[in-house]
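Fold and geometry: a report
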Amino acid sequence: MSTEAKVPPEQLVAAAAAEAAADPPAVAEAASAQPNVAVSSEGATSNGGGENPKQAAYDKKWHETLDQLRPLIKSDGTIDYSSLDEDAKKKMQNFVKHQRKCYMKRENNETSPMTAERIALLSAMNFDFNPKETAKAKAQAKKQAKEAKSTDSAKKKKAKPKSGATPKKVGENVERADSAKKPAAVKSPGSAQTEGSDKKSPNSVSDTPMKSDDPDGKTPGKKSPKSASKASSPSGRKKSGKPTYLEMAHEAIVSLKDYRTGSSLIAISKWILAHHEHAKAAPPNMFKSRLSTAMKQGVKDGRFVKVKNSFKINAEWTKKEKAKTRAAEAKKRQAEKKRKTESDKARKEKDQEKAKKRAAEERKRKEKNMTPEERAEEARKQKKKEEEEAKSKWISEQLRKRRFPIEDTRLHREDKEWKQPPQKNVERRPALPHTMTCLVPPHLRSNTPKTYQGPVANASKSGAGPALGGQNERGLITDAIHVYHFFCGDVGLEDEDHPIPQFSLKTLLYALDEVLNGNAKAAKSLPPLLTHLFVTVLRMLTEPRKVDGNAVLSPADLRLDEDLAKLGEGLNAVSWSQIVLFYMDMMERYFTSDVSIEAEEVLPGDLDMSYYWNKDEDAMDVDDAKAEPQNGYKAYLGDASGVLAKGFFKLQAQAEPWTLKADELMALLRALTDDVLAKRPDLAEDIASRSAKLHELTKAKRNAVMKFNKVRLAYEGPKKPTRPKKVEGKEGEEGDKKEEADDAESKEDDEKPFVPTATKKQFDAAEKAKFKADDAFDTAVNKLISRSQPVGFDRNFNAVYIFRTDPSMLHVEELKHTSLPPEIKNLGVEHTPFSTWHFIDTKPLFEQFLASLDGRGKRERETINECNDLTILKRRLLDDKKDDGRASAREREKEDLERRLENARTACAAEDGRRSGRLAGMAQEELQTLEEEAKEMAKSHAEEERQEKIDRDKASDYSMLTGLQTVTDLFAGQRATRSSRKSEEDDSNDATLLAHTAPHQLWMDNRTGGNGTVQVLAEALLAVEAKCNELSPWSREDISRGDWRKQLNDVSCAWAIDCVMQLGPLAKPEGDSNKDGASLTSPSPAKRQKTASTPGASVGSIVSTLKACLKELELRIFEFSFKKKAIEEADTAAENEGDSSDEEENEELNKRRNCWKIKINALKRVPTARQALVRDIIVAAITVARKSHLSQVAAELKAALQLLRPHAAGEAKLAAIDVLEKHGGYDGSDDEDDDVDLDELAAANAGENNDAEEEAEAEIASMLCDEVRMIGGSVGGDDFADPSDWGDALKECKSVSRLAAMTQIFLYKAVDTLDQLAEERSNLDSILNINAKRTSRSKSIKKHDTSTNIWCSAKLTDKLVKARVSGFPWWPAHVCEAIDPLVADALEGSQYSLISSVGNSGMYLVPNKDMIDFVQETDEDLSQFDQSVVEDLQESMAIAKKLWRSRNRGVASPWRKKSRPRFIEEKKTEETD
């Protein structure tokens, strides 16, 4: 390693001038020996006899900058930059810093471009090479001058000294003062230390001894004795002040600058003789001998390194000398500081004593002149002062005795009371952002105001407990966390029948943010993730309950399961909101009915709603949970002003789900998840088992740790206690004395040697068991955790959570105690504090949060320890500094390469045209290499930027962030699985695919394959219509089939035009200065939608078109399936009931018409409190009226039934009685009541209870609302709802979701009907020998069972006959005419006919011989048939007779004088669903 001398600038200037004048080539040769440095007397650079243009340009630029610097340097060496602008100031500061850095490199024997000429030029300008040392030297000189002055003044006050002593001291003081008055020499680099000299005493060693012109032999640079003694210690200088041979050799080696080969002994001798006069005076042999001895000693001491016959300075020796010098200086400073401290302390004590004496004297003087009142006042003040001093002393004692950690509340209360200053290592608590702000990228959060009180802040709030809304008021974030833990968190729902995509809490929050910012409303569709969660949880609730083989469900549970199954028929991805409405309405009825109260049922939320948020470790007693309802019982929906009830009421008004607020959606979803937990015991058992296993592992871990600590104590012994930090002042000294006394007492015990009582083997075994228990706990904690506990609390009991299933951020629940009105406080209800949710997801914020925790408190110390152990969290925290660092590194690398390229081009231009082709080739080769490197670097940077852009796009891809892509991938995997093993049911039931529509198909996006909500409904209707057309071709004349299908396609397009499918914030318009892309600051998409392109049709018109198409399709199936024929026959017969002249028949007619009146009349004796019985009677009356074809009566009774409310049946009872009075009242006697048990009515009036067996056998009334029953009346209806009811429900339908529910139920019935018709047509094709493709047939007709159900497209004729079907008596029927050409051709000329029985939709193929005229009588024994068959026959015959009379008016009835079998009266009606 080459070394470089440390030569003062004055000597360098003189040496450079002398050498340049004497031998310029020698100077150039010496300069060329130093790398990167070339010096000439004219500022030019020589290189191998030729000028280096690169170096020349550099020197020229350096001199230009130097000229600019010259006027800025003041006389004291400081630099004034005030005249420069910012860029010039920055460049000049960099230049000054660079010169000082180069000079220090030269001083440290490192390669540096700082030449002697440059040092001389800078020194001539009074340039300060080391401003720090200059400032220290000035301060030291000032201090020494002050001390000298104080010493002189002190000596003058003393007695005269002895003879001979005063001149010496005066001389010493003068020398000290002279030496202290030379700070200017420190400014220049010449005052810096040489190798082995003291750096703090710049003039201790002279690099070049100067001849003295003083006749007394005193040199101008002579130092004070004190300084000389310091300098002579490391350098070995003699008392005469002349350098030793060792020092002169050292200076010679440094000055010769032979860094590579070293300096020879001859060169060293020449240099010493040339620069030191006293060496010339020595004899040559003595000089040679002393120099040789000095060199050997230097090599021996490690100062020199001998390389062959040359010598170099040992760099290690230089470092050691500098270290010694620094240590000596530090020791000196420490001693000086101690001396000053002691002196100040003594002076302070002396001043205090004097002050006390003066105060005492002053107090005594005042006491003499005081009045008694003044003395009492003074005594009071003195007493108060003594009390304050005693209190201060007591506080100091308590502070000394405190041992941390202590309880946080007590700690901060004491610090506040005792007025303790805040801890320096505890920072102020950072402002934690609200949880919804986590959706904003970290680099954009600075634009979010800290006191933001918009939707984000409101969404992060949680409720205020039972007194202000109860458990239904948790807040959006609390409900979202609850829902997340149910599906993917602590509960971790895993069900193969109901797959759930794995999503994070942030994904759920992104989906909710789409609702908050209005994107869902603009798109008319919720994010698919929310839709999928709602549909999944509803399917879990509506599926059959799983019970053990021996378990028996109660009648109430069976009734509830039947109602839930009925709801499940209308569930799909579009109709789920209306199913939620019907479900919650049913649960509200259930929990307010007698059934739930008698069965001691409570709300599902009360059973397990607080499984996660209950912070009380003591579990609530089950018996207490099933006690009577609490005060303020609000049933299922809770308070009417609560969020859950508000969402329910909006759905009741047929509001679309995308119009609901985010908190209302989460409240609905959270209530459903609570019901699942209550309904499925397997989940509760799984949670309990996981908790038990985790408890066992925790217990094993705790035992292993305790055992390990015990064994370690026995093996290693107790640890020595650490002394607390000393308290300054008197109290601290007294405490230290006490502690020293205690330490002295226990010194003997401490000095006793420790004897271990445990072996190394036992210690290793305990340590191994501890590690094993820790690993087992850490491995199982993520799988077994069932309720996330806080990792810690802060001083204010704010909980800090980390969710093990999503460890990407910390969640902080900050409690905010609100002031309650006195009347609420007097209620005695326990109040839960108001709280807000915040998060920590970046490393800087995490570090600030930890720094704000005070480790002196127990809770916060535990929190600090737990957070420091969260390794997985630290890895996932965001760090935006990395991206900035990578971009800055690329920019620096690019600038550096551009600079090198520019230098290379300059070098090539300089070498161009020279004779030496080698140098030009080398320069050209270097330029090409740099250009290739630039290309490679550009490619590398482009690839890095592309990858970063991909990562940013991925991080900002809202299809991923909101869960859209996750749901798409889930259903894509399911489709792939189903396609590999597709069942026959999937092939034949394509029309029911609406029930299994994937939620992402509602989102119109080409990437996900979604077509929109209306398109899904339209496709389902088109699929059913296509199946209808296969069975019965289109026959309408008012509209073509193509136009009908086009209507559905048009409404789908209109819906798509009106929807704005936007995820995330909208794009900013040009010129928008706000760069915040967060949704909380972005404009609402709903507002942008108003100014968007031309909208499509309104929602109302689209729903109307869909309703019309649905109604037409339902009517088409209703007609060609002959179900409409059966109902029309009954209606026609009812219209002609009064035309009969048969007295017995009229009597029977009147009795049937009065049957419903009997039931309603019996209702008068039923008490209003028996709501279930009132409902049963009204339902039975409606059923009888419908069977009697009294449509008006049935409709009015149905309206009365709708007035029925839980625990409020009086209004419905009065309305039913009003219907009875409106239709003439009841004229008969109460004994004719054959539908209501009078004994039961009597028992009800007497208040008696029914028998237990009768209650068990009694049927529980359905809790479903009438709307659910009405929307199920399509394609023929059922016992409760008929097609007219379905038509009324369709008219009342106003929303797409309600229409989707009706469509879904219609599809189930329509598909079943079409499948049945297809099977019956297949039976007919088999009988008629028609091939599978229905293109040809055989001529013969197979013999078959005439009771086989068949079907074909046919029309009824007016011909009524009686036909005999095998297994049945003679039955009235219509003769049918086939429309299907194949069937018509097959039956033409055959002995078979198609018939359709009266009163039902059955169609049969019978021989002509088994048919007779309708009026022809038959003698047939009906006893051989079942009673039900006989009853159906009588009903059909009655209808057929009325049809015959209506078609043959004016013709005498053949049955006028003939009796007929007594019409069997109706039995007691059963409750309908």
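Below: a short report on this structure. (Residues numbered from 1 in each chain as written. Predicted model: local features only at pLDDT ≥ 70, side-chain atom pairs only at ≥ 80, totals over all residues. Heavy atoms only, no water.)

What follows covers the overall build of the protein. What the protein contains, in helices and strands, is 57 helices and 15 strands. Counting across all 1473 residues of the protein, residues that qualify as buried make up 43%. Total accessible area computed for the protein in this model is approximately 82000 Å², and 51% of it derives from carbon and sulfur atoms. (Helix = DSSP H or I, 4+ residues; strand = E, 2+ residues; numbered from the N terminus. Buried < 20%, exposed > 50% of the residue type's maximum accessible area, 1.4 Å probe, protein only. Areas by Shrake-Rupley, 256 points an atom, 1.4 Å probe, with all protein chains shown as cover.)

The end-to-end C-alpha distance of helix α23 (residues 576-591), which contains 16 residues, comes to 22 Å, matching closely the 22 Å that a straight helix rising 1.5 Å per residue would cover. Among the 16 residues in α23, 15 count as buried, and that is most of the element. (Expected span 1.5 Å × (residues − 1).)

Using the criterion set out here, one finds 48 salt bridges in the structure. The closest approach of N and O atoms between Arg890 and Glu945, which form a salt bridge, is 4.0 Å. One end of the pair, Arg890, is in helix α37 (residues 880-911); the other, Glu945, is in helix α38 (residues 917-955), and 55 residues separate them in sequence. A residue is classified by how much of its surface remains accessible, and Arg890, at 10% relative accessible area, is buried. Among the ionic contacts, a cluster of salt bridges with common partners joins Arg402, Arg410, Glu414, Asp415, Asp854 and Arg856. (Salt bridge = Lys/Arg side-chain N within 4 Å of Asp/Glu carboxyl O.)

Our next topic: the nonpolar core. If you look at soluble globular proteins, the nonpolar side chains tend to sit buried side by side. Membership of the largest hydrophobic core comes to 138 residues, with the highest contact counts inside it found for Phe487, Tyr583 and Met584. Residues within four places of Met584 in sequence aside, it is in contact with Tyr636, Leu637, Leu644, Phe648, Leu668, Ala671 and Leu672. Formed by 29 residues, the second largest nonpolar core is a distinct cluster that contains Ala1200, Leu1204, Leu1220 and Tyr1226. (Core = buried A, V, L, I, M, F, W, Y, C linked by side-chain atoms within 4.5 Å. Contact = heavy atoms within 4.5 Å.)

Moving on, we come to the packing of helix α22 (residues 555-568) against α23. Put simply, α22 and α23 touch, their axes get as near as 10 Å, and they point 165 degrees apart. By the criterion of interaxial angle, the relationship of α22 to α23 is roughly antiparallel. Crossing handedness for the pair α22 and α23: right-handed. On α23, the residues that touch Ala556, Asp557, Leu560, Asp563, Leu564 and Leu567 of α22 are Ile579, Phe582, Tyr583, Met586, Met587 and Tyr590. Residues that form the contact of α22 with α23 fall into these classes: 10 nonpolar, no polar and two charged. (Axes fitted to C-alpha atoms, helices over the stretch in contact; angles between N-to-C directions. Parallel < 35°, antiparallel > 145°, perpendicular 65-115°, else oblique. Left-handed = near helix turned anticlockwise from the far one by under 90°. Nonpolar A, V, L, I, M, F, W, Y, C, P; charged D, E, K, R; others polar.)

So, about the packing of aromatic side chains. Under the definition given, this model contains 18 aromatic pairs. Judged by centre distance (4.9 Å) and plane angle (90 degrees), the rings of Phe486 and Phe487 are edge-to-face. The exposure class assigned to Phe486 is buried, which follows from its relative accessible area of 0%. Consider the rings of Phe1120 and Trp1351, whose centres lie 5.8 Å apart with planes at 55 degrees: the pair is tilted. One end of the pair, Phe1120, is in helix α45 (residues 1099-1120); the other, Trp1351, is in the loop between α55 (1296-1328) and β11 (1354-1364), with 231 residues separating them in the sequence. Look at Phe1120 and you get buried, because its relative accessible area is 10%. A residue is classified by how much of its surface remains accessible, and Trp1351, at 1% relative accessible area, is buried. Three or more aromatic residues joined by ring pairs make a cluster, and in this case those are Tyr103, Phe127 and Phe129. The ring centre of Trp62 lies 4.7 Å from the NZ or CZ of Arg118, which sits over that ring. (Phe/Tyr/Trp six-rings, centres within 6.5 Å; stacked < 30°, edge-to-face > 60°. Lys NZ or Arg CZ within 6 Å of the ring centre and 35° of its normal.)

Turning next to the environment of Asn1400. Its place among the elements puts Asn1400 in the loop between β13 (1392-1397) and β14 (1403-1407). Residue Asn1400 is classed as partly exposed on the basis of its relative accessible area, which comes to 30%. With 274 residues separating them in the primary sequence, Asn1400 and Ala1126 have C-alpha atoms 4.9 Å apart. Among all residues touching Asn1400, those that are not within four sequence positions of it are Lys1125 and Ala1126. A polar side-chain atom of Asn1400 sits 2.2 Å from a polar atom in the side chain of Ser1397. (Polar contact = N/O pair within 3.5 Å; in protein donor to acceptor, adjacent residues only side chain to side chain.)

Two orientations exist for strands paired in a sheet by backbone hydrogen bonds: parallel and antiparallel. In space, the five strands of this open sheet follow the order β14-β13-β12-β11-β15, with antiparallel pairing throughout. Unpaired on one side and paired on the other, β14 and β15 (1411-1413) mark the two borders of the sheet. Within the sheet, the average angular offset between the axes of one strand and its neighbour, ignoring direction, is 55 degrees. Taken together, the five bridges between β13 and β14 define a ladder with antiparallel strand orientation. Residue pairing in the sheet places Tyr1392 in a bridge with Pro1407 of β14. Those strands touched by helix α57 (residues 1427-1447) are β11 and β12 (1370-1378), and its axis lies near 55 degrees from that of β12. (Pairing = 2+ DSSP bridges.)

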